[in-house]
Structure formats: structure tokens, C-alpha cells
Protein chains: 2
Amino acid sequence: MKPKALGPIPAGFETKDGELAIGGLSTTQLVEKAGSTPLFVYSSALLEQRVQQLRDALPDRLGLNYAIKANPYEPVLKLMSGLVDGFDIASGGELDMAVAAGLDPARISFAGPGKRDDELEAAIVAGVTLNLESEGEARRALAIGERTGHTPKLAIRVNPDFELRGSGMKMGGGAKPFGIDQERVPALAREIIAAGAEWRGLHIFTGSQALEAEAIIEAQSNVLDLAAQLTREIGHPLPKLNMGGGFGIQYFSNDKRLDLKAVGDALKAKIADLPDELRDTELCIELGRYLAGEAGVYLTRIVDRKVSHGETFLITDGGLHHQLAASGNFGTVVRRNYPVAIANHFGAEATEIVNVVGCLCTPLDRLSDRAELPRADVDDIVAVFCAGAYGATASPSAFLGQGPAWEMLV
Amino acid sequence: MKPKALGPIPAGFETKDGELAIGGLSTTQLVEKAGSTPLFVYSSALLEQRVQQLRDALPDRLGLNYAIKANPYEPVLKLMSGLVDGFDIASGGELDMAVAAGLDPARISFAGPGKRDDELEAAIVAGVTLNLESEGEARRALAIGERTGHTPKLAIRVNPDFELRGSGMKMGGGAKPFGIDQERVPALAREIIAAGAEWRGLHIFTGSQALEAEAIIEAQSNVLDLAAQLTREIGHPLPKLNMGGGFGIQYFSNDKRLDLKAVGDALKAKIADLPDELRDTELCIELGRYLAGEAGVYLTRIVDRKVSHGETFLITDGGLHHQLAASGNFGTVVRRNYPVAIANHFGAEATEIVNVVGCLCTPLDRLSDRAELPRADVDDIVAVFCAGAYGATASPSAFLGQGPAWEMLV
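Residues numbered from 1 in each chain as written. Chains lettered and ligands numbered in written order. Predicted model: local features only at pLDDT ≥ 70, side-chain atom pairs only at ≥ 80, totals over all residues. Heavy atoms only, no water.

Turning next to the domain arrangement of chain A. All names here are of chain A. According to the domain assignment, chain A consists of domain 1 (14-42 + 294-409) and domain 2 (72-287). The distance between the C-alpha centroids of domain 1 and domain 2 comes to 34 Å. With eleven residues of domain 1 at the interface, the matching set in domain 2 holds twelve residues. When residues of domain 1 are sorted by the area they lose upon contact with domain 2, Glu294, Arg336 and Leu409 head the list and together hold 48% of the total. The interface formed by domain 1 and domain 2 includes one salt bridge. Taking the shortest distance from any N to any O, the salt bridge between Arg257 and Glu294 comes out at 3.0 Å. The interface formed by domain 1 and domain 2 contains three residue pairs in polar contact (both at pLDDT 80 or more). (Domains from an automatic or database assignment. Contact = heavy atoms within 4.5 Å. Buried area = accessible area lost by both parts, 1.4 Å probe. Salt bridge = Lys/Arg side-chain N within 4 Å of Asp/Glu carboxyl O. Polar contact = N/O pair within 3.5 Å; in protein donor to acceptor, adjacent residues only side chain to side chain.)

Structure below.
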């Protein structure tokens, strides 16, 4: 049987007593501390390190927002609160989480194509900036502002005519449910300014999970040019521009590492020569996956080891109910392997080819296909990397009566 | 823009005051009763009707099991308790749900490739039959039986050499994490009988979501032949045979309707001429999706109606966090449209082509692409059909801070 490549294990993980270690704790210690598997472990050191890498590479003037949808675990939000400049939320539920974590609503903006009235009201009353997704939403927000006596802080999300090339998910270019087609933005901006809203600027999100620096550089340049053009057409100064995100991480063996320095250098050059319209504009980018994705690991215990028709299966107590994307079932056409290791034999020589599956009674529940790994037996621990973003909350945890995994920040 | 076909709306839904009606209640009344959207509505009449169709078509001797993973909503379990003969669970969590719903553990069997020791113990102590998935699991079950003083009720799940042709998910044929390769079954059966376990027979599951009667007939015939052969090799009478399921429902426009009568007639003929080994064997099939899938509807309110680059988007307060499979992101390669309607203009003439999307800030969140529907506006209600199985629990309800939908049995 030919092995199938695994994704690259992200940098920064340690070994202790021959085991994967995070925050100075070995796998055995992490599982003991949690009391059970399956378990998500997030590394505060890796989260801090990633923010520092971004601060080092990107222009000083650029603010850094965390899109909490990537990982809304409360201790992660509290840690990020001291590290980043702002937060992006995508629902009233995320607003509640942000408030519970003590985040300042003045640092929060709220994008999302289907905001209900109760969500708009909670955000307006709290002083959160709304990234408007349609003319209808704008009118609802203005009416709620009037009714509640709170001046709404309104920005407009733009559906640009261009997209982020090579991105995993395209959020711009062509007909989209997100934002307002760019040619209709000036009229709406003038309308909400005239209505007395606090004008908060533009949000232009072009895509996500891009690994080509050139594509991100091109999209960021287009975003800045479009923002300047729209500002001219609106005829009011632009207080803030959220340039979106799109920085990708390496999940699969053929993924290249994003050249952050190249992105930062190009942005520095562009910002040094900004059009007049953006001279006083507050600029920020919004990252979720790139900030949190590589800082998390999913640990799951092997419950059974069996052979069927000559293939070996390691069956774990976790699965797609916590790691839907790693199973290849979330927006993926061809299943590829995430980085996976035997956590308590970390760095040991690979000696066999095995399939790692979850405990669910469905053939969809695969954590790796034909992986080359060290020998592992019942009670050994499998680590699935790149689990820090879109893991716990982006998976059907109630499926087959399983329930959520443990989570821990160390 | 060319429309994209919608799946066929299942039979049995009524119209009241121009609205989709379930259990005599119009869409407006259903939403009022629940108090909010999004909402799953399950029809007790359609569940009862489906069981009756199966009883009419299938041999009297064949027991009917409900695989509760398809829909474990407690009122559904309580209703099914009076309709079917047995229940299949897939985890300790589902055992808890079954017990909470008052189901008799003696009618329950437990299959699943990654049963933990605590799950095995809870099942053995409760008197649930275990469908063993490996030799290792068999030994763990025997040890737990010994330690707790409860005789384990053990069946063996067989990984057959054949599969269910044309099934949506293949559960047999080749290397699989499920069950024990057929040639190793006799030795294990003799071992557990010799160890003093209560021998409960075989479970042979070959696939799911098959629409071709011929394929199901062939698989069922193969299952009966294999069971007879294994019984000869085991040398003990076979108390019970769970023949699996695999009956599919129509999700998409090109799906054909399963010819239940053809399946039943073939099975009657086969059972009339059973090999001696199976003469006294209790036979059952296990269905989840086929029992519950068409009896449920997902209702979600339109929050926004917008146009982008000439395409109309209806943005709802629901989405893939409740309807992952309908969004095309759960084990699907090419996205196709489930049956969808404007529930409060049910049966009205289609007058426009629209995209129905969810409220999540991701392009994955689509409920239908280019659907031909009657004109709909904000506050109208979209119905997604075939939502009775693998909807609420097979979707990432915590995604983007959303939370679960309401559920209701009427």
C-alpha cells in the first residue's frame, strides 16, 4: 500500500520525554490536566508568536483584528484582547461571547449577510460598528438607531469587482451574498451619513486561505485603490478601512508557506505612497485562521487497532464531530491529509502505513488516509495539527450523540 | 440566468390558507407555536405513514429497527417506540438519549467502531446488545462483563466481501473500519460463545442511501446467504440477524424513488425459501434516513433580499449550521439543490430565479442555487425538505456563535 502524504507539522511544537509538548506540558500531562480525550489544546506562546510575526512584518500603521469566528474559546479571546487591536464578530451570539470575555465593544465590528433585527439592536446599543451588507440592512439599522436613541456606527461592506486569486473561499468578484456591489456603495454611504449615523468607513473582504503572497499583494493593492476611489465618490473622509484578511496556513503536503515578509514589504511600499483620500484613514486587516489555526492541536485517544483486508485502522475516540474539515467533509472536493502524528511517540520513526479514523459509524469519519506513522496501539494519542481555527465550533459536535470536545489554553 | 433544478418535494405535505401545513398547522401557525425560526418540524403522521408503508411492503417476519442517529429528538424517539421493533444506537450518548426517552434496553443494539470502555460498560449493565466491531472490542466486552457480573449480550458486525451497489456510503466490501472481515467471524463467534457471553447473532450492514431496488435486493440476498454460511461455520444456531438498511430517499431532481414493493416482494420470496440455518433466526432491518428523512422540514425566515450583479439573494436566518448536508458540504462532491419552497406561498407559481443562502459569513452557506420560486420578501419563510434525518444533529450548530435550531414534532 502506497502512503499518502501528510500535511506539514507547523513550527514551534516541542518534544518532552519523547512526546509532543505544548506550553511545557507533555501529551500525557496535557491529557491528565484535561481529565479526558478528545481535547483541543491551544498554545498561548504560539498565538503570541504569530501576532509578533505579523507586527514585525506588516506596516506599523496597520491595525490587526481577530475574527473570533475562527476560535471563540473564551480564554483565547481574553488572551487576544491584549494582543490585537480589534475584533470582528459574525453574529449576536459572537457579540455575547465577546462581551463575556470582556472585549471592548468600541473595538468590535460586526459583518454577516443575515443580521436579524435583535442582533442589529444589541450591536447598536453596545456601540459595535456594523459592516452593512445591503441597503435593506442599512435602513433597518437606521430605524433601530432612531427607536433606541443610539447613533448607529455604520461601515459598508463592499462586494468588490475583483477577487483574491487562489483563495480557498472567494468573497468578492461577481454576484455574492456579501456586501454591496461597489458601484452602489457611494449612494448608500451618502444616505447613511445624511441620516445622522456615525460613518465608520469601508470593509472590503476579497477571500480567505490564500498561500500566494503575490495574490494577497495584488488584492490589497486593489482594495486600497478601490477605497480611495469610493472615498472620492462618497465625498466624505474615510475614517477606517478594514482590508479583510485571506492569509492562509499550510494544511496539506503540497501547500506552500505564505511569504509574510513579501506581503508586508509590498504593503509598506503601497502605504508609503497612499492616495490623498486615505492619508488619515485608520487601516486594519482582519485575520482568524492565520492567527489561531496553527496554534491548536486536537488530541484523541486510540480506542481500537484493527486490520481489515490487509489495511490497519487506528480507531480514535474523536472524529469528524470535532474535526469536520480535517475529515475532508467541509467545503473540500478531494480529501487530503492534515498534519497528523502519534503525539506520545512524537518524532519517532514512521514504521507503518495506517488509516486513522474517528469513532463515528460513518465512512466519512477519517482523520488520515494511509498515513506513515510510528507504531501505535490502544491508548496512544493521535495529534491532528492546524486545529486552532474552525475546529471545535465548525464541526457537528452533537452528531451520533457525541458532544463537544474538551478545550484548553496553555 | 438558467435555473438549477430543485429536488422533488416529498409526498404527504398539505396546503392550508396557501401555506405549507404540517399536522394541520399552517407555516405561520407552526412558527408562532415554536416562537421563533429557524425551526425543524417533524410530522408524526408522516413518520407513522412511512412505518405503515414498510409494514405493508415487507415480510411479516421482518423486524423493523430505527437507527436513532438519524434523528434522536426525544419526542421522535417516544413516537417511534410504539411503531418499530428495535433501536440501534451508535454511542454512549445515544444510549443516554434512548434511556431518557424510555426505550427498553432489551430492544437496543449498539454498533460503532470506536466504543470506549465506559460506553461498553454502560451498555452491558443496561442489557443492550453490542454489535462487536473487532476482536479487541470483544475481549474488552468480555472483561467488563466479568468485572461487573453482567453477562454481555454480544453480536458480531460483519464486514462482508460485497457492498451495496450504488449506495451513497459504502459500509462493506474491501478494507473498512466497520465490523470484522467475514472470514474471521466464525472463530470470534465461537470464542465469545465459549466465554459464556449471550450470543445474539450477526449484523451485516452493506451501505446506505441506495435508490435502486435491484441493488438492495441483491445485497439483502447476499446478506442472507452470508449469514447462513457463517452460521454453518460457527456451528451454533443464529438467534438474530440485523440485515442493515440502505433504503434511500430522493434529495435531488434526478434521484429516482426507491421501489419499496419490489424490495419487499423479493425479500418475501427469499424468506419463503430460507436455508435451514436461518429457519428460526429473528430477522430485522435497520433504517434511519428512510424512516425519518422525508417527515421533517426546516423552516427559516428571510432576513434580507438583495441583488448582486443581477442575481437575487434571499438571505435567511438559518443555514449550514443546521442544514450542513443541504448546503452541499457534507460528503458531497458536486452541490445539488435539495427540495426547497417558499413555505407561506406554498404551491404558488414560480416567477423568479433566486439563490437562497444562510446567514453565515461564508460562501459555503447555500440552501439553494438558482432556484425557481415564487416571489419572496423579508419575513417570508423558506422550507427545506428532507430535513427529518441527519439535519439538526449532523450540522455544526455552534458555528459562528449561532446555536441550535428549534425542533418540534406535530
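A few words on the pairing of strand 21 (residues 381-384) of chain B. Residues and elements named next belong to chain B. Burial of strand 21 is two-sided: the residues Ile381 and Ala383 facing one way and the residues Val382 and Val384 facing the other way are all buried. In terms of strand pairing, strand 16 (residues 296-308) meets strand 21 through four bridges, oriented antiparallel. Note that in strand 21 the partner of Tyr298 across the bridge is Val384. Bridge count for strand 18 (residues 340-342) against strand 21 is three bridges, and the pairing is antiparallel. Note on strand 21: the bridge partner recorded for Val340 is Val384. (Buried < 20%, exposed > 50% of the residue type's maximum accessible area, 1.4 Å probe, protein only. Helix = DSSP H or I, 4+ residues; strand = E, 2+ residues; numbered from the N terminus. Pairing = 2+ DSSP bridges.)

To continue, consider unusual backbone geometry. Omega for the peptide link from A:Thr37 to A:Pro38 comes to -5 degrees, which places this bond in the cis form. For A:Pro38, the position within the fold is in the loop between helix 1 (27-34) and strand 4 (39-42). One non-glycine residue, A:Tyr390, lies in positive phi territory at about 55 degrees. Here A:Tyr390 lies in the loop between strand 21 (381-384) and strand 22 (406-409). Residue B:Arg370 is not a glycine yet carries a positive backbone phi of 45 degrees. With respect to the helices and strands, the residue B:Arg370 is situated in strand 20 (residues 366-373). Using a relative accessible area of 29% as the deciding quantity, one classes B:Arg370 as partly exposed.

Each copy of the sequence occupies a distinct position, and chain B is placed on chain A by a rotation of 180 degrees and an axial shift of 0.0 Å, giving an RMSD of 0.0 Å. In short, the pair behaves as if placed about a two-fold rotation axis. If distances are taken from each C-alpha of chain B to the rotation axis, the shortest is found for B:Pro396, at 1.9 Å. Most of the interface of chain B is mirrored in chain A: 100% of its interface residues are interface residues there too. (Least-squares fit on C-alpha atoms with pLDDT ≥ 70 in both.)

A few words on the interface of chain B and chain A. Reports of interface size often rely on the accessible area that becomes lost once the parts have come together. Opposite the 68 residues of chain B that make contact, chain A presents 68 residues. A combined buried area of about 5200 Å² lies between chain B and chain A, and 62% of that area is made up of carbon and sulfur atoms. For the pair chain B and chain A, the interface holds zero salt bridges. Applying the counting rule to chain B against chain A returns 24 residue pairs in polar contact (both at pLDDT 80 or more). Contributing elements (two or more residues each) for the side of chain B that touches chain A: helix 4 (92-100), helix 6 (135-148), strand 9 (153-159), strand 10 (169-170), strand 16 and strand 17 (311-316) of chain B. For the side of chain B that touches chain A, the element with the most residues is strand 16 of chain B, which contributes six residues. Of the residues that constitute the side of chain B that touches chain A, the class distribution is 29 nonpolar, 20 polar and 19 charged. (Nonpolar A, V, L, I, M, F, W, Y, C, P; charged D, E, K, R; others polar.)

All names here are of chain B. Taking strand neighbours across the sheet as the criterion, the three strands line up as 1-2-3 in an open arrangement whose pairing is antiparallel. What marks the edges here is a single partner per strand, and that holds for strand 1 (14-16) and strand 3 (25-26). Where strand 2 (residues 19-22) and strand 3 come together, two bridges link them in antiparallel fashion. Bridge assignment links Ile22 to a residue of strand 3, and that residue is Leu25.

With that out of the way, let us pick up the side chain of A:Ser308. Looking at the secondary structure, you find A:Ser308 in strand 16 (residues 296-308). Exposure remark for A:Ser308: the relative accessible area of 0% places this residue in the buried category. The contact partners of A:Ser308, leaving out residues within four places of it in the chain, are A:Phe313, B:Asn159, B:Gly174, B:Ala175, B:Lys176 and B:Asp181.

Let us now look at the side chain of B:Ser395. Within the secondary structure, B:Ser395 is located in the loop between strand 21 and strand 22 (406-409). Since its relative accessible area comes to 2%, B:Ser395 is described here as buried. Residues within four places of B:Ser395 in sequence aside, it is in contact with A:Pro396, B:Leu320, B:His321, B:His322, B:Gln323 and B:Leu324.

A few words on the sheet that holds strand 3 (residues 25-26) of chain A. In spatial order, the strands read 1-2-3 (chain A); together these three strands make up an open sheet with antiparallel pairing. In this open sheet, the two strands that pair with only one neighbour each are strand 1 (14-16) and strand 3 of chain A.

Summed over the entire model, instances satisfying the criterion amount to 54 salt bridges over all chains. Where B:Asp225 meets B:Lys270, a salt bridge forms, and the shortest distance between an N and an O atom there is 2.8 Å. Remark: B:Lys270 occurs in helix 9 (residues 260-272) and B:Asp225 occurs in helix 8 (residues 213-234); sequence separation between them is 45 residues. You can call B:Asp225 partly exposed: its relative accessible area is 36%. When salt bridges that share partners are traced, they join A:Lys4, A:Arg335, A:Arg366 and A:Asp369 into one network.

Turning our eyes to something else, we now look at helix 8 (residues 213-234) of chain A. Its 22 residues give helix 8 of chain A an end-to-end C-alpha distance of 31 Å, which sits within 8% of 32 Å, the value for a rise of 1.5 Å per residue. A positive phi of about 80 degrees marks A:Gly235, the residue just after helix 8 of chain A. (Expected span 1.5 Å × (residues − 1).)

Taken together, A:Val333, A:Val334, B:Val333 and B:Val334 make up a surface patch of nonpolar side chains, about 400 Å² in accessible area. When you line up the elements, B:Val334 lands in the loop between strand 17 and strand 18. (Patch = residues over 30% accessible without salt bridge, like charges linked within 9 Å, V, L, I, M, F, W, Y side chains within 5 Å. Areas by Shrake-Rupley, 256 points an atom, 1.4 Å probe, with all protein chains shown as cover.)

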